[in-house]
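# Topology and contacts: notes
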Amino acid sequence: MRLETERLVLRRPRREDAAAFYPHWQDPEAVEYVGGVKTHAEVDEMVARLIRHWEWYGIGEFTVERREDGALLGRVGLQLWDPRDWTNGKRARLAGEVETELGWKLGREHWSNGYATEAALACRDWALAELGLTRLISLIAFENVASIRVAEKIGESFERDVENAPFRHRYGLWSLGERMAA
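Presented here is an overview of the structure given in this document. Model, not experiment: these values are computed from the prediction.

### Observations regarding the overall build of the protein
- Scanning the protein for helices and strands turns up four helices and nine strands.
- Listed by position from the N terminus, the elements making up the protein come as β-β-α-α-β-β-β-β-α-β-α-β-β.
- By the compact-globule yardstick of 16 Å for 182 residues, the protein fits well, its C-alpha radius of gyration being 15 Å.
- Overall, the C-alpha framework of the protein stretches about 45 × 35 × 30 Å when taken along its three principal axes.
- Each of the 182 residues in the protein was classed as buried or not, and the buried ones make up 51%.
- Considering only contacts within the protein whose residues lie at least 6 apart along the sequence, 63% involve residues at least 24 apart.

### Section: the nonpolar core
- Leu10, Val76, Leu102 and Trp104 are the most contacted members of the largest nonpolar core, which totals 31 residues.
- Those elements that place two or more of their residues in this core are strand S2 (8-11), helix H2 (40-57), strand S3 (61-66), strand S4 (72-82), strand S6 (99-106), helix H3 (115-130), strand S7 (135-141) and helix H4 (145-153).
- Beyond its immediate sequence surroundings of up to four residues, leucine 102 is in contact with Val76, Gly77, Leu78, Ala120, Cys123, Arg124, Leu136, Ile137, Ser138 and Ile154.
- Listed in part, the ten residues of the second largest apolar core include Ala18, Val43, Val47 and Ile51.

### Digging into H3
- Between its terminal C-alpha atoms H3 stretches 22 Å, which fits the 22 Å expected from 16 residues at 1.5 Å a residue.
- A positive backbone phi angle near 75° is found at glycine 132, which sits one or two residues after H3.

### Structural notes on the pattern of salt bridges
- Enumeration over the complete set of coordinates arrives at 18 salt bridges.
- When the shortest N-O distance is used, the salt bridge between arginine 67 and glutamate 4 registers 2.5 Å. One end of the pair, arginine 67, is in the loop between S3 and S4; the other, glutamate 4, is in strand S1 (residues 2-4), and 63 residues separate them in sequence.
- Assessed through its relative accessible area of 40%, arginine 67 is described here as partly exposed.
- Linking aspartate 161 and arginine 170 is a salt bridge whose minimum nitrogen-to-oxygen distance equals 2.9 Å.
- Looking at aspartate 161, the relative accessible area reads 30%, which means it is partly exposed.

### Describing the pairing of S3
- Judged by how many residues are buried, S3 sits mostly within the fold: six of six residues are covered.
- Residue alternation in S3 divides its side chains into two sets, Glu61, Thr63 and Glu65 and Phe62, Val64 and Arg66, and both sets are buried.
- Note that S2 and S3 share four bridges and pair antiparallel. Within S3, the position partnered with leucine 8 by the bridge is arginine 66.
- From the end of S3 to the start of S4, which pair antiparallel, there are five residues, and glycine 70 there has a positive phi angle of about 75°.

Cut-offs and rules
Residues numbered from 1 in each chain as written. Predicted model: local features only at pLDDT ≥ 70, side-chain atom pairs only at ≥ 80, totals over all residues. Heavy atoms only, no water. Helix = DSSP H or I, 4+ residues; strand = E, 2+ residues; numbered from the N terminus. Rg over C-alpha atoms; globule rule 2.2 N^0.38 Å. Buried < 20%, exposed > 50% of the residue type's maximum accessible area, 1.4 Å probe, protein only. Contact = heavy atoms within 4.5 Å. Core = buried A, V, L, I, M, F, W, Y, C linked by side-chain atoms within 4.5 Å. Expected span 1.5 Å × (residues − 1). Salt bridge = Lys/Arg side-chain N within 4 Å of Asp/Glu carboxyl O. Pairing = 2+ DSSP bridges.

Below is the structure:
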């Protein structure tokens, strides 16, 4: 699976992406809301989970490359969550009702260039048109103002606080489409 935009190529992750992702996970500010700094082994396992999510569900997060030079910018794409306890589909095989999150994480040196919005719009359009999804969410820490702006630019709006979530920060759920039945 591959998506392309004017400036970006979004492709399925490969194990060798871990080496390029590693520096992105050493910047405490850039990873504050997505789990914190990671070791080489943790980044390797993260990439393995990204690959497994694609294998289990046929969707996942893309590795984002800049067209002009092939630089790996980060990841943007879809992941599944069990909304009862916010178990992530990369960590456990989910069944039953799930929420589909559109998320993004780029290295800080790539912020403020519109890359996250450009990639998220491509993923949103793919999810709605090609996959036939009618709802997408983004789980965003309230302090993460830049990600909230991306969510708004792709058409999401604040829906509710995320309760009983095992996250380090207080998260909100931004959504596009109809809310799931409670």
